[in-house]
Structures are given as C-alpha cells and as structure tokens.
Amino acid sequence: KAVVSTQSTGINNISELHRQKPPPSVHYAKNMPDIDVLMEEWPSEIEELLSKINLPSADLDCDLKDYVDIICNILDIPTQQNRIHSLHLLFTLYSEFKNSQHFQKLNQPENNENIENQNG
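These remarks concern the structure in this document.

What counts as what
Residues numbered from 1 in each chain as written. Predicted model: local features only at pLDDT ≥ 70, side-chain atom pairs only at ≥ 80, totals over all residues. Heavy atoms only, no water. Helix = DSSP H or I, 4+ residues; strand = E, 2+ residues; numbered from the N terminus. Buried < 20%, exposed > 50% of the residue type's maximum accessible area, 1.4 Å probe, protein only. Areas by Shrake-Rupley, 256 points an atom, 1.4 Å probe, with all protein chains shown as cover. Core = buried A, V, L, I, M, F, W, Y, C linked by side-chain atoms within 4.5 Å. Contact = heavy atoms within 4.5 Å. Salt bridge = Lys/Arg side-chain N within 4 Å of Asp/Glu carboxyl O.

1. Side note on the overall build of the chain
So, point 1. The secondary structure content of the chain amounts to 7 helices and 0 strands.
So, point 2. What you see in the chain, going N to C, is helices and strands ordered as α-α-α-α-α-α-α.
So, point 3. Scored against the burial criterion, the 120 residues of the chain give a buried share of 12%.
So, point 4. Taken as a whole, the chain presents about 10100 Å² of accessible surface, with 53% of it coming from carbon and sulfur.

Given below as structure tokens:
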C-alpha cells in the first residue's frame, strides 16, 4: 500500500510540474502575427457575414495544402511554402480560444439559454 501511495504522489508531483512548466517557445522563420492580435474582435461586418455563410468544411474539393491556405488566410495567418509554422499558429490560436474565459462562459448552458431567450 505504501508503494502505491508513493507512486501516486510521484505521478501527482510530475503532473503538477508539467502544469507549471511554461509552454515551449517557437521561433518562426518569418514574422507571424502576435496571438493577441489574432484574438482581437473582428469588425461587426465580418461577424455578420460569417453568421450568414458557411466556412469551408473539410469536404471542400481541394488538396490539404490549399485547404490549409484557405483556413489560415480567413484567420489572417500568413502561409509560406512550408506551412508548419502557419499550422502551429493556427492550433495555438484554437487553443487560446478554447481556453479563453470569455468563450468558456459562452459555452455554459445557462448562457446559451439566455442567448436563445434574447434571440427568440
């Protein structure tokens, strides 16, 4: 029993160490926009347009390279010949939005009901 407890404590300590560790830094070959700039609110005209049209889905008839270019360009993420840095920034942006307190509040059921009541 003491062995299991020691192992659990060790695993918890390692998990805590990983949580406190700063994220690895990436040095892009070309200048890329700051993540805070990409997270800024879009003009109301763009948001209104996006509510009326569907963004390109993965079913779009194009190769992966072109699809990456389309999605990154919609989000103002530059693409070069090697798209690894663009994809890294895209997934970083996704992660930031997913972890954003603002968007977490919007995904709570009580807020969704309030939004539906305001629209209905």
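Alright, that's what it looks like, and here's the rest.
2. Comments concerning the nonpolar core
So, point 1. With 10 residues, the main nonpolar core is built from Met32, Ile35, Leu38, Val68, Ile71, Cys72, Ile77, Leu89, Leu90 and Leu93.
So, point 2. Where this core is concerned, the elements lending two or more residues are helix H2 (35–38), helix H4 (64–74) and helix H5 (84–99).

3. What to know about the side chain of Ser86
So, point 1. Summarising the element assignment, Ser86 is placed in helix H5.
So, point 2. Setting aside anything within four residues of it in sequence, one finds Ser86 in contact with Met32, Cys72, Ile77, Pro78, Thr79 and Gln80.

4. Details of the pattern of salt bridges
Opposite charge on two side chains permits pairing when their charged atoms draw close.
So, point 1. With the rule as written, the count across this model stands at 2 salt bridges.
So, point 2. Among the ionic pairs, Glu48 bridges to Lys52, the shortest N-O distance being 3.1 Å. With Glu48 and Lys52 both in helix H3 (residues 44–52) and 4 residues apart, the pair spans about one turn of that helix.
So, point 3. A salt bridge links Asp69 to Arg83; its shortest N-O distance comes to 2.6 Å. Of the two residues, Asp69 is situated in helix H4 and Arg83 in the loop between H4 and H5; the sequence distance between them amounts to 14 residues. The residues Asp69 and Arg83 share a single accessibility class, namely buried.

By themselves, these observations are geometric and do not establish any function.
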